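Fold and contact review
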Amino acid sequence: MTFQLPKLPYALDALEPTISADTLREHHGAHHKSYIEKTNKLQQESDLTDASLETLVQRADGALLQNAAQAWNHSFYWESMTPGDASEPGAELRTAIDATFGDLKALRELFLERAGSHFGSGWAWLVREKDGRLSVECTHDAGCPLRDGKTPLLVCDLWEHAYYLDHQHDRGAYLEGFWSLIDWARVDQRFAAASTVSDASSQPRTHGAPPTIPVSRTRSASLIGAALLGGLLTLGGCGDDSAENAGKHVDDFAEDVEDAAEDVADEAEDLIDDHDGN
Ligand code: MN
């Protein structure tokens, strides 16, 4: 799969004065472009050659994970902002914000405080947790909440390259400007989509039926099998994957459980044979 640098959803100078055309040209045309090119190169050398960007963020490791996450995060960041008059969250999101933070003003204060005090490079997010609650969190470097099964709703880039040309060390001025550029209509859409997926995933699943674990031949094999099955059930509880992906995870994990249980059983039999032989 070859990923392309997405077009910016606005003109280079549309976010001035908070984010200048010079910053956007460099940030989008050089930084983001570089992450995508590196992702394309590293993916070809990996065993995830057909994976989507989201899947790479969820399953890759090392440099491929870092570059894929940066590629994904930047696309999400461009689409978290819009020029023009400041908008506000829609009714459903507003209700959730009020329930979690008190009101929009309190969310703003928390977001700016966390983003302003985050040490070093990273990202500030509004996310929907797996249990449906909203939260504000910062990730370091290329960190992305998708990796943890959460649903990102909004992001602000905290790397210095996002604001240094325009605000030098004054991250606070950049954050204040960012807040007034938030595309709340887009955040509303993301929130609604996440709620729909969550409602669907709470229904009984018809895919990825629990695996049949072969009857263990030794006690230790059954203990290991039980431990792995515990991991499987935990994995199956992640609500962020598509149904198809979740089914595949279950199938993959079932194979791992069978293999591990058989290995342990074989080893135990070898030990018994050795013991009998002595
Ligand atoms: Mn950046």
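These remarks concern the structure in this document. Just so you know, these numbers come straight off a predicted model, no measurement behind them. (Residues numbered from 1 in each chain as written. Predicted model: local features only at pLDDT ≥ 70, side-chain atom pairs only at ≥ 80, totals over all residues. Heavy atoms only, no water.)

A short note on the environment of Thr-39
Structurally, the position occupied by Thr-39 is in helix α1 (residues 21-44). Classification of Thr-39 by relative accessible area gives buried; the value is 1%. With near-sequence residues (within four places) excluded, Thr-39 lies in contact with Phe-3, Leu-53, Leu-56, Leu-64, Asn-67, Ala-68 and Ala-71. Reaching out from Thr-39, the side chain makes a polar contact with the backbone nitrogen of Ala-68 at a distance of 3.3 Å. (Helix = DSSP H or I, 4+ residues; strand = E, 2+ residues; numbered from the N terminus. Buried < 20%, exposed > 50% of the residue type's maximum accessible area, 1.4 Å probe, protein only. Contact = heavy atoms within 4.5 Å. Polar contact = N/O pair within 3.5 Å; in protein donor to acceptor, adjacent residues only side chain to side chain.)

Remarks on the environment of Pro-83
When you line up the elements, Pro-83 lands in the loop between α3 (62-78) and α4 (91-101). With 98 residues separating them in the primary sequence, Pro-83 and Leu-181 have C-alpha atoms 6.1 Å apart. Ignoring any residue separated from it by four or fewer positions in sequence, one finds Pro-83 in contact with Tyr-10, Ala-14 and Leu-15.

Overview of unusual backbone geometry
With an omega of 5 degrees, the peptide bond between Glu-16 and Pro-17 qualifies as cis. Locating Pro-17 in the fold gives a position in the segment before α1. Despite not being glycine, Asp-141 shows a phi value in the positive range, around 55 degrees. Relative to the assigned elements, Asp-141 resides in the loop between β2 (134-140) and β3 (151-157). Phi at Gln-168 is positive, roughly 50 degrees, even though this residue is not glycine. With respect to the helices and strands, Gln-168 occurs in the loop between α6 (164-167) and α7 (171-181).

Points about the coordination of the manganese ion
The protein atoms that coordinate the manganese ion are His-27 (NE2), His-74 (NE2), Asp-157 (OD) and His-161 (NE2), at distances spanning 2.0 to 2.2 Å. Site description for the manganese ion: donor spacing in sequence, H-x46-H-x82-D-x3-H. You can see His-27 sitting in helix α1 and its partner Asp-157 sitting in strand β3, a full 130 residues away along the chain. Across the pair, exposure class does not vary: His-27 and Asp-157 are buried alike. (Donors = N, O, S within 2.8 Å, 3.2 Å for Na, K, Ca; no water.)

Things to note about the pairing of strand β1 (residues 122-128)
Most of β1 sits out of view: seven of its seven residues are buried. Burial along β1 is two-sided: the residues Gly-122, Ala-124, Leu-126 and Arg-128 and Trp-123, Trp-125 and Val-127 are all buried. Of the strand pairs in this sheet, β1 and β2 are connected by seven bridges, and their pairing is antiparallel. Across the sheet, residue Val-127 finds its bridge partner in β2, namely Ser-135. (Pairing = 2+ DSSP bridges.)

Points about α3
Between its terminal C-alpha atoms α3 stretches 25 Å, which fits the 24 Å expected from 17 residues at 1.5 Å a residue. Buried residues dominate α3, accounting for 13 of its 17 residues. (Expected span 1.5 Å × (residues − 1).)

Points about the packing of α4 against helix α5 (residues 104-117)
Viewed as axis vectors pointing N to C, α4 and α5 meet at an angle of 65 degrees, and their least axial separation amounts to 8 Å. Taken as axis vectors, α4 and α5 run roughly perpendicular relative to one another. Relative to α5, the crossing made by α4 is left-handed. For the pair α4 and α5, contact is made by Arg-94, Ile-97, Asp-98 and Phe-101 and by Leu-104, Ala-106, Leu-107 and Leu-110, respectively. Looking at the contact of α4 with α5, its residues break down into six nonpolar, no polar and two charged. (Axes fitted to C-alpha atoms, helices over the stretch in contact; angles between N-to-C directions. Parallel < 35°, antiparallel > 145°, perpendicular 65-115°, else oblique. Left-handed = near helix turned anticlockwise from the far one by under 90°. Nonpolar A, V, L, I, M, F, W, Y, C, P; charged D, E, K, R; others polar.)

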